[in-house]
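Each chain is listed here by its residues.
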Amino acid sequence: MATIDEPLYPIAVLIDELKNEDIQLRLNSIRRLSTIARALGEERTRKELIPFLSENNDDDDEVLLAMADELGVFIPYVGGFEYANVLLPPLETLCTVEETCVRDKSVVSLCRIGTQMREQDLVDHFIPLIKRLAAGEWFTARVSSCGLFHIAYPSAPETFKTELRAIYSQLCQDDMPMVRRSAATNLGKFAATVEPAHLKTDIMSIFEDLTQDDQDSVRLLAVEGCAALGKLLEPQDCVAHILPVIVNFSQDKSWRVRYMVANQLYELCEAVGPEPTRSDLVPAYVRLLRDNEAEVRIAAAGKVTKFCRILNPELAIQHILPCVKELSTDSSQHVRSALASVIMGMAPVLGKDATIEQLLPIFLSLLKDEFPDVRLNIISKLDQVNQVIGIDLLSQSLLPAIVELAEDRHWRVRLAIIEYIPLLASQLGVGFFDDKLGALCMQWLKDKVYSIRDAAANNVKRLAEEFGPDWAMQHIVPQVLDLINNPHYLYRMTILHAVSLLAPVMGSEITCSQILPIVINASKDRVPNIKFNVAKVLQSLIPIVDQSVVEKTIRPCLVELSEDPDVDVRFFATQALQSTDQVMMSS
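About the criteria used
Residue numbers here run from 1 along each chain, matching the order of that chain's written sequence. The predicted origin of the model limits local features to residues at a pLDDT of at least 70 and limits the giving and counting of side-chain atom pairs to 80 or more, whereas totals for whole chains, interfaces and linings rest on all residues. As a convention, hydrogens and water are excluded, and side-chain values are obtained from all of the structure's heavy atoms. To qualify as a helix, a DSSP run of H or I must reach at least 4 residues; to qualify as a strand, a run of E must reach at least 2; elements of each kind are numbered from the N terminus. Radius of gyration: C-alpha atoms only; globule rule: 2.2 Å multiplied by the number of residues to the exponent 0.38. Throughout, exposure labels follow a simple rule: accessible area from a 1.4 Å probe, protein chains only, divided by the maximum for the residue type, with under 20% read as buried, over 50% as exposed, and the rest as partly exposed. By the convention used here, residues are in contact when the closest approach between their heavy atoms is within 4.5 Å. Throughout, the Shrake-Rupley method with a 1.4 Å probe supplies accessible areas, and for residues the shown protein chains are the sole cover considered. Charge assignment: positive for Lys and Arg, negative for Asp and Glu; neither His nor the chain ends contribute. All charge positions are set by atom: Lys at NZ, Arg at CZ, Asp at CG, Glu at CD. When two rings of Phe, Tyr or Trp (its six-membered ring) have centres within 6.5 Å they constitute a pair, described as stacked for plane angles under 30 degrees, edge-to-face for angles over 60, and tilted for the intermediate range. Here, a charge over a ring means that NZ of Lys or CZ of Arg falls within 6 Å of the ring centre while also lying within 35 degrees of the ring normal. Per-residue confidence from the prediction method is given by pLDDT, with values spanning 0 to 100. Between the first and last residue of a helix there are one fewer steps than residues, each counted as 1.5 Å, and that sum is the expected span. Every axis corresponds to a line fitted to the C-alpha atoms, with the helix fit spanning only the stretch in contact, and the corresponding angles, defined between N-to-C directions, vary from 0 to 180 degrees. Small angles under 35 degrees read as roughly parallel and large ones over 145 as roughly antiparallel, with 65 to 115 read as roughly perpendicular and the rest as oblique. Less than a right angle of anticlockwise turn of the near helix away from the far helix marks a crossing as left-handed, whereas a clockwise turn marks it as right-handed. Polar here means any residue outside two lists: the nonpolar Ala, Val, Leu, Ile, Met, Phe, Trp, Tyr, Cys and Pro, and the charged Asp, Glu, Lys and Arg; Gly therefore counts as polar. Throughout, bend refers to the angle between the axes fitted to the seven residues that end at a position and the seven residues that start at it. Patch construction takes residues with relative accessible area above 30% that form no salt bridge. Like charges are linked within 9 Å, and nonpolar side chains (Val, Leu, Ile, Met, Phe, Trp, Tyr) are linked within 5 Å. Counted as salt bridges are all cases of a side-chain nitrogen of Lys or Arg within 4 Å of a carboxyl oxygen of Asp or Glu.

Asks: Give me the lowdown on the overall build of the protein, citing residues and values where you can.
Replies: Tallying secondary structure elements over the protein gives 37 helices and zero strands in all. Here the C-alpha atoms of the protein give a radius of gyration of 34 Å, more than 25% beyond the 25 Å that 2.2 N^0.38 yields for 587 residues. Counting only residues that meet the buried cut, the protein has 53% of its 587 residues in that class. Summarising the internal contacts of the protein: among those between residues at least 6 apart in sequence, 68% fall at separations of at least 24. As displayed, the protein offers around 26,400 Å² of accessible surface, 50% of which is attributable to carbon and sulfur atoms. Taking the average place of the 56 positive charges on the side chains of the protein and the average place of its 80 negative ones, the gap between the two points comes to 4 Å.

This is the structure we're talking about:
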C-alpha cells in the first residue's frame, strides 16, 4: 500500500469500498464523497470522480439514495457553478432507477443544481436532459422529467419554451398513469413560471385533460392543481375555468377525489373568491357533508368552521347548520370526533342567539357521546363558546354534563376536565365554584390513575393562585392535609406533591403553621418512598420559610432521615441537607 501514489490513495480507497460486498462500507464511502473530492481537487473530481460515479451501477437503493443526496450539494467541489453541468450525467442515470425515493431525491438535487446554473448552461445542458428524460423508454425517466420543467422554463429562449410546453402536454397524455400523476403533481409549479397568455391557453387545456382522466389517482392530484392555478389566474378566469371543475369534482364517482375536494375546500374557496363560494360552492359543500363515504364526511366536517367564516351567518344557519345537526348523530365515531374538534369555533361566527338556540343542543349531545375522543374535543374548546354566550348560560346548560364527565371511566376525559377547571373557576367565580366543583377537586387527588392525581395536585395549586391564600386556607388546605392519613402510600405521596406546590402560593406563615408539621410527621412513615419524598419537599420549603425554622425544625428532621436504613432516603436527605448548609452559609 505504501507504494501507491499519495494523491491517488483516496480514490483508490473509494473505488475499493464502492465495489465492496458490505453495503455499510459502500454507504460510508458515498457519504465521504465531499472529503474525497476535496482531497482530489476540483479538476480531478470533474475528470475522474464524477465519470466513475456515472458508471457506478450499484444495485442497492440506500447507496443510490445517498449518492443522489450528496451530488445535490457538490457544485463547490467541481469548481463552482460554471462547471455545474458535469454533475448532470450521474443524476440523469439516477432519475431512471426503479426505486421512487431515489428518483425523487435525484430530481430535488437536479432542481437545486439547476437554480445555480448559468442561463446558457441551462439551455445547453439542462433542457436537453429534460428532453431525454421526457422521451425515455422507461416510464421512470418520464416521471422524473415532470419535476424539472419549472427550473428550465424561465431561462429558455422562446422556441424552447414552446417545445417545453408541448412536451409537458404530451406527458399529461402519457399511456402510463404514473407519468400522468407526476405531471398533475408538478403542474402548479410549472404553471407559476409560464407567461399569463400561455397560462390561459396551453396550461388550462393540459389541466382540463387531467381533470377528465380515467384514473382517479390522477384526478385527485388535479384537485390540488385547482387551488394552485386559481391563485395564478384572474378572478373572472378562475370562475370560468376552475369553479366548474371543483363543482364536478365534488360529485366525482371516486370517493378519493371527493375526499380531496373536501380536504382542499377552504383553499379552493380562497382561489375563486367569496361571491362564487356563496352561490356555487355552498351546495357542493353540503353534498360533501352528506356524502355516503365516512372518510369524505370526516374531511368535510373538519372544515366546517373555516367554511362558515367565508359565509354570512344567515347562509351558515340556513345551509350548513342542518348538516351539522345530522353529523352530530353520524353513525361513524370519527365523523363525530372531527365535528367536535371544530364545532366550538362556529359560536363566534353564528353569534349569541343562534349559538343558544341551535348549537348548544348539539354541544350537549356531543358531550354525552359514547366515544371518549368526541367528548374530549368538545371539553378542550369550551372557552370559545363562553366568549359568545356568557358564563351564566354556559354553567346552566353545560355544567351538569361537565360534572358527569369529571367521573368519566376514560382517564383522558377526566384529565381534560381537570385541565379546564382553573379556567372554568376563573369564569364562574368563587361562589359557584365552591358549590359545584370543590368536592370534585378533592376527589381527583384519590384517583386510581397517576396522571389524574398529578394533574389534580397542579389543579389545587392553580386554584389557590386564582382565588388567593385566604380562600385556599379555608377551602383547600384543610381537606388536602386530611388526606395525608390515607392508608394507601401512593395517595399519601400525591398529597406531599400537592403540599410542595401549595407552599409557595400560601406564603411563609401558613406553610410554617399548617403545612410543615404535616410534612415533618410524614417523615416517620414506614414506607421509604414517602420518606424520601418528605426530604424532597423539605428541600423545596427551605427558600420559603425563615432561617430559624430551617435550623430548628427542617434540619433535625433531615439529619434523622440521612441515617435511615434505606439508601434512597439517605441520598435525598443528604442532598436536602447540602441545600440547608448553603442557605446558612449564604446568610
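After that view, the rundown keeps rolling.
Asks: Describe the packing of aromatic side chains, naming the residues involved and giving the relevant values.
Replies: Under the defined criterion, the tally for this structure stands at eight aromatic pairs. Site record: aromatic cluster; members linked through ring pairs are Phe149, Tyr168 and Phe190. For the cation-ring pair, lysine 536 lies above phenylalanine 572, with the distance from its terminal atom to the ring centre recorded as 4.8 Å.

Asks: Any chance you could break down the confidence of the model for the protein for me, citing the residues and the numbers?
Replies: Should pLDDT be low for a region, the predicted coordinates there are not to be read in detail. Per-residue pLDDT for the protein averages 79, and the proportion of residues at 70 or more is 91%. This model gives residues 1-7 a pLDDT under 50, and the stretch forms four contacts once residues within four places in sequence are excluded.

Asks: Before we move on, could you go through helix 33 (residues 489-506) and cite the residues and values that matter?
Replies: Given a rise of 1.5 Å per residue, 18 residues ought to cover 26 Å, and the 25 Å separating the end C-alpha atoms of helix 33 matches this to within 8%. Trailing helix 33 by a residue or two, glycine 507 shows a phi angle of about 90°, which is positive.

Asks: So, the packing of helix 12 (residues 177-191) against helix 13 (residues 196-211): which residues are in play, and what are the values?
Replies: In contact at an axis separation of 11 Å, helix 12 and helix 13 are set at 150° when each is read in the N-to-C sense. Comparing their axes, helix 13 and helix 12 come out roughly antiparallel. Considering how the two elements wind past one another, helix 12 and helix 13 form a crossing that is left-handed. Listed contacts from helix 13 to Arg180, Ala184, Leu187, Phe190 and Ala191 of helix 12 are Leu199, Ile203, Ile206, Phe207 and Leu210. A per-class count over the contact of helix 12 with helix 13 returns nine nonpolar, no polar and one charged.

Asks: Any details on helix 13? Residues and values, ideally.
Replies: At methionine 204, helix 13 shows its maximal kink, close to 35°. Among the residues making up helix 13, those that are buried are Leu199, Ile203, Met204, Ile206, Phe207, Leu210 and Thr211. On the buried face of helix 13, the contacting elements are helix 11 (158-172), helix 12, helix 14 (216-232) and helix 15 (235-249).

Asks: How would you sum up the environment of methionine 493? Please name residues and give values.
Replies: Relative to the helices and strands, methionine 493 is located in helix 33. Residues methionine 493 and arginine 453 lie 40 residues apart in sequence; the distance between their C-alpha atoms is 9.8 Å. If near-sequence neighbours (up to four positions away) are discounted, methionine 493 is found in contact with Asn529, Ile530 and Asn533.

Asks: How would you sum up the packing of helix 34 (residues 508-522) against helix 35 (residues 528-541)? Please name residues and give values.
Replies: Close contact between helix 34 and helix 35 brings their axes to 9 Å; oriented N to C, the two are set at 150°. Taken together, the axes of helix 34 and helix 35 lie roughly antiparallel to each other. Handedness of the crossing formed by helix 34 with helix 35: left-handed. Taking contact as the criterion, the partners of Thr511, Leu516, Val519, Ile520 and Ala522 in helix 34 are, on helix 35, Ile530, Val534, Val537, Leu538 and Leu541. Tallied by class, residues from the contact of helix 34 with helix 35 come to nine nonpolar, one polar and no charged.

Asks: Can you lay out the environment of serine 29 for me, pointing to particular residues and giving the numbers?
Replies: Inspection of the secondary structure assignment puts serine 29 in helix 2 (residues 23-31). Taking the C-alpha atoms as reference, serine 29 lies 41 Å from alanine 228; in sequence the two are 199 residues apart.

Asks: Please set out a negative patch on the surface residue by residue, giving values where relevant.
Replies: Side chains of Asp61, Glu62, Glu98 and Glu99 sit close together on the surface and give a patch of like negative charge. Tracing the backbone shows aspartate 61 in helix 5 (residues 61-71). Of the residues examined, aspartate 61 reaches a relative accessible area of 34% and is grouped as partly exposed.

Asks: Before we move on, can you summarise the pattern of salt bridges with the specific residues and values?
Replies: One pass over the structure, following the stated rule, counts 15 salt bridges. The closest approach of N and O atoms between lysine 461 and glutamate 465, which form a salt bridge, is 3.9 Å. Separated by four residues within a single helix, lysine 461 and glutamate 465 lie in helix 30 (residues 450-467), roughly one turn from each other.

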